[in-house]
Structures are given as C-alpha cells and as structure tokens.
Amino acid sequence: MNICFVSGAYPPQHDGIADYTAQLAHALLKTNDSIRVSVITSIVHVSQDTQGPPRIHRIVKKWNIFGIAAIIHCVLKEHFDIVHIQFPSVEYRKTFLFCILPLLLRMSCHGIKVVLTLHEFSVSRPINKLRQFILSILSQQVIVTDPYEYAQIVKLLPAATAKVTIIPIGSNINTCMPNENVRRVLLEQFGVNLQPFIVSFFGVIHPDKGFECLLRALAQLVRDPIPVHVLAISDLDQAHNAYHAHIVRMIETLKVKAFISITGYQTPEKVSQLLFISDICVLTFVDGVSLRRGTLMAALAHYKPIIATRARSYVPDLLRDKENIILVPLNDCCQLAQAIATLYRDSALRDKLSAGAASLAKEFSWETIASSHRRVYNKIINGKTFK
C-alpha cells in the first residue's frame, strides 16, 4: 500500500496539524513492513533529510494552480494508491481552487483514492466550512476526529454518512520524563522556585484559548493567597502580534508578572519535560474542551490532572467530571480559580484525576489510530465505500 499525505506544513514547521501528520505517518510505518508513506508539503528551507521514511516531497511553493499541478505530477510519478489530504492549514490560504484537488486527482490519476481528514469543521467560519464541504463531496472517504465533528458534518452530508469515519487524534508530544537534576534546571531556567504549585498552560496563545481567563484566575489566587505559578508553554511575540501585546499589558495590569513564566517555543522533548514538572494542566478553550484538541491529548499522555472548560452544548462522553478531568464553565474565572485551589489542597483528587488521565490516554495511542486508518484505507481500496 503506497500512501501519500498532503499537508500544508510538516515539521520542523510549527504547526499542530503538521505534527499530527508526522506522528500518523511514523505510526503507519510501524504497523506493517509492506506500507509506504510519503508527504507532499510546502517548500521550506530545512536541513533535515527528506528521503524518509516517510519520504518528504517539499514541492509546493504556493497552493494555487501551479502547486496543484506539482502535486498531480508527483502523484503520477510515484504511483500512490491513496492521497490523504489534511485540512486546514494556514499555507493553503483562502483559495477555492484547492477545494477541487480531489476531483482533479481522480480525473488525472487513474484509480487513485482520495481521503480527507477535517480537523476543525465545527469551529470554522462559514466560508471555510464551504471549502470543507466541497472537499468532502469530492473525496471518497472523510475522517473527523471527534463525535461532535461527525454530527456537524453529516448534517450537511446526510447522503454521505457511510463515508464519514471518526478516528481520534493522539498526543503530538512523546513523553520524556526529566530526572531530578533536569527538573531543578528547568525550574531555575523559568524562574520557578521549588515551593509553588505549578499550573501549566500548553498551546498557542490565541483569543480562542481563553488565556485571559487564566490570568484573571491567577490574580485571584495570588490575592487569596495560594502559592501558584503558571508555566505557559507558549510563545509570546508582542512585537508582531497585537493580541500578544494585549496579553503582556494584561499581565502588568493584574500584577501577576512574578507568578507566571512564558517559556517561548520549545522542542517536543522540552515540552514533555515541562509538562511533567507541572502539578496540573489548565486548558481554557473558549468553545469548550473536545477530543480534537492536541493539547488535551498531550496532557492526558503525561497523566496530568486537567482542568478544562465545558462547552454549553457538548461534552465528550469519555470526559467525566472529577474522574479524569475537572470541568468548569466557559469564561468563569472565579470557578477556574476555585478549581485550581481545590486541586492544590486535595492531593487525593489530584491522584484520582492523574489515574483517570492515564487510563483515558490508552484510548488515543498512535498504534490504535494507525490501525484505524489502515482499516479505512483497506476499505476504500477494496471499493466498499461511498462513491
């Protein structure tokens, strides 16, 4: 089986879907010696070996007609059985031409099968949902990462329910437990003494991540006082990002600068170590926690007690309040502060949540995810799917 992923970005580019694609590609290669995996992605100047496995084809300068022509040429040359598109990517820009890539592939490459994974359908703006709708219609199989995503896409594609499959994502961060010396060095590097209760926040600082609510909760905890320190495993570029500049001003206004560390971009190994040295992880999504969130998967994989925001309309069945996660209302800084204080005081509850996270993490192993993809690929190659 010869599979090619199409992804707007691929490591070492800093992109969550790029990291997901890399994890899936390597997991598929481990499942069977007979499988071959390649990736078509954007041209970037990197020093890494692109001969694989997986083999990386950095051939797309812009995702326009010329980029699509380059993709089709590569697919014809390499005789791929399946082209698996990952959507979205900032590299795709806003062109509608990319939406007909599945059709152009099927017209140009005899016998090719096209699979599409949608990562953010439910939270996309209408114009972007239209792009994904077109892609879904023209692809032979569609994969979504969460039951809520499935419910949203089949509303628009009721006749194509049979070709939509749920396959969850896993953690993009492989675990790397630090020894005591590394732990001490990390605490010193990021200005955390050995006493505070360390609350990690992991991911891009963006308006949809609810970081402002965490800052207000931190200010309340400092007043109480609770010996807490927020370790934001994030990059903050106030010179080029207006929202980041707003966050910096907010930290100053709330007078919490001494109680927060922004790590900047870190390697996956260092991210894992920072997650391990934290006591809990807080994920304050403004649209609520869901199984499509890679940061949630990373926290589960590191067995962290997790506090996350509860969506008004949907909470995944696997997430059980006070068993494997603590759920708080959206934008409720007071309840978030209370939840952090409760976990600070209640070590037994922290242990229970940690055990629950460890158990739940088994549901999202890359071995299981790769096996699920192989079943989809086998089904589509055998012709037992929606046409």
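Residues numbered from 1 in each chain as written. Predicted model: local features only at pLDDT ≥ 70, side-chain atom pairs only at ≥ 80, totals over all residues. Heavy atoms only, no water.

1. Observations regarding the overall build of the protein
In step 1: Scanning the protein from terminus to terminus reveals 13 helices and 13 strands.
In step 2: The C-alpha atoms of the protein give a radius of gyration of 22 Å, which matches the 21 Å a tight globule of 387 residues would have.
In step 3: By its C-alpha atoms, the protein is 65 × 45 × 40 Å across when sized along the principal axes.
In step 4: Here the protein holds 387 residues, and 54% of them are scored as buried. (Helix = DSSP H or I, 4+ residues; strand = E, 2+ residues; numbered from the N terminus. Rg over C-alpha atoms; globule rule 2.2 N^0.38 Å. Buried < 20%, exposed > 50% of the residue type's maximum accessible area, 1.4 Å probe, protein only.)

2. Brief notes about the packing of helix α1 (residues 16–31) against helix α13 (residues 366–381)
In step 1: The contact between α1 and α13 brings their axes to 9 Å, and the two run at 75 degrees. Accordingly, the angle class assigned to the pair α1 and α13 is roughly perpendicular. Contacts between α1 and α13 involve Tyr20, Gln23, Leu24, Ala27, Leu28 and Thr31 on the former and, on the latter, Trp366, Ile369, Ala370, His373, Arg374 and Tyr377.
In step 2: Class assignment of the residues belonging to the contact of α1 with α13 gives a composition of eight nonpolar, three polar and one charged. (Axes fitted to C-alpha atoms, helices over the stretch in contact; angles between N-to-C directions. Parallel < 35°, antiparallel > 145°, perpendicular 65-115°, else oblique. Contact = heavy atoms within 4.5 Å. Nonpolar A, V, L, I, M, F, W, Y, C, P; charged D, E, K, R; others polar.)

3. Quick word on the layout of surface pockets
In step 1: The space that makes up the second largest pocket amounts to roughly 410 Å³.
In step 2: When contributions to the lining of the second largest pocket are tallied by element, the ones reaching two or more residues are α1, α10 (294–301), α12 (347–361) and α13.
In step 3: Looking at which element gives the most residues to the lining of the second largest pocket, the answer is α1, with four residues.
In step 4: Looking at side-chain class alone, the lining of the second largest pocket contains ten nonpolar, six polar and three charged residues. (1 Å grid on protein atoms, 1.4 Å probe; cavity = no way out; pocket = protein on both sides within 12 Å on 5 of 7 lines; lining within 4 Å. Points joined across faces, edges and corners; volume = space filled by probe spheres on them.)

4. Here's the deal with helix α7 (residues 211–223)
In step 1: For α7, built from 13 residues, the straight-helix expectation of 18 Å at 1.5 Å per residue is met to within 8% by its first-to-last C-alpha distance of 19 Å.
In step 2: Turning to α7, its buried residues are Phe211, Cys213, Leu214, Leu215, Ala217, Leu218, Ala219, Gln220 and Leu221. (Expected span 1.5 Å × (residues − 1).)

5. Concerning the side chain of serine 38
In step 1: Positionally, serine 38 belongs in strand β2 (residues 36–42).
In step 2: When near neighbours in sequence (up to four residues on either side) are disregarded, serine 38 contacts Ile3, Cys4, Phe5, Arg55, His57 and Phe80.

6. Some thoughts on the pattern of salt bridges
In step 1: Inspection of the entire model under this criterion finds seven salt bridges.
In step 2: In this structure, the salt-bridge partner of aspartate 321 is arginine 310, at a minimum N-O distance of 3.7 Å. In this pair, aspartate 321 sits in the loop between β12 (306–310) and β13 (326–329) while arginine 310 sits in strand β12, placing the two residues eleven residues apart along the sequence.
In step 3: Given a relative accessible area of 28%, aspartate 321 falls into the partly exposed group.
In step 4: Residue lysine 322 is joined to aspartate 321 by a salt bridge in which the shortest nitrogen-to-oxygen separation is 3.3 Å.
In step 5: Taking relative accessible area as the criterion, lysine 322 reaches 47% and is therefore assigned partly exposed.
In step 6: A single salt-bridge network, built from bridges that share partners, covers Glu149, Asp287, Arg292 and Arg293. (Salt bridge = Lys/Arg side-chain N within 4 Å of Asp/Glu carboxyl O.)

7. A closer look at the nonpolar core
In step 1: Among the nonpolar cores identified, the biggest contains 43 residues, and Phe5, Leu28, Leu296, Leu300 and Ile306 are the most heavily contacted of them.
In step 2: Breaking this core down by element, the ones donating at least two residues are β1 (2–6), α1, β2, β11 (280–283), α10, β12, α12 and α13.
In step 3: Per-element accounting of this core gives the leading share, seven residues, to α1.
In step 4: Residues contacting leucine 296, with those up to four places away along its chain left out, are Leu283, Val289, Ser290, Leu291, Ile306, Leu319 and Ile325.
In step 5: Residues Ile205, Cys213, Ala217 and Ala339 belong to the second largest nonpolar core, which totals 36 residues. (Core = buried A, V, L, I, M, F, W, Y, C linked by side-chain atoms within 4.5 Å.)

8. Brief notes about the sheet that holds strand β7 (residues 164–166)
In step 1: The seven strands lie next to each other as β3-β2-β1-β4-β5-β6-β7, forming an open sheet whose pairing is parallel. Each end of this open sheet is capped by a strand with a single partner; those strands are β3 (55–60) and β7. Taken pair by pair, the neighbouring strands of this sheet meet at an average axis angle of 25 degrees, ignoring direction.
In step 2: On the sheet, helix α2 (residues 65–78) packs against β1, β2, β3 and β4 (82–87) and is oriented at approximately 145 degrees with respect to β3. (Pairing = 2+ DSSP bridges.)

9. Concerning unusual backbone geometry
In step 1: In this structure, proline 12 follows proline 11 across a cis peptide bond, with omega equal to 15 degrees.
In step 2: Here proline 12 shows up in the loop between β1 and α1.
In step 3: With phi around 55 degrees, histidine 79 is a residue other than glycine that occupies positive phi space.
In step 4: Structurally, the position occupied by histidine 79 is in the loop between α2 and β4.
In step 5: Judged by relative accessible area, which is 60%, histidine 79 ranks as exposed.

10. A few points about the pairing of β2
Each regular strand displays side chains that alternate between the two surfaces of the sheet.
In step 1: Counting buried positions along β2 yields six of seven residues, so the element is predominantly enclosed.
In step 2: In the sheet, β1 pairs with β2 via five bridges, with the strands oriented parallel. Residue pairing in the sheet places valine 6 in a bridge with isoleucine 40 of β2.
In step 3: Where β2 lies against β3, five bridges are found, and the strand directions are parallel. The partner of valine 39 across the bridge, within β3, is isoleucine 56.

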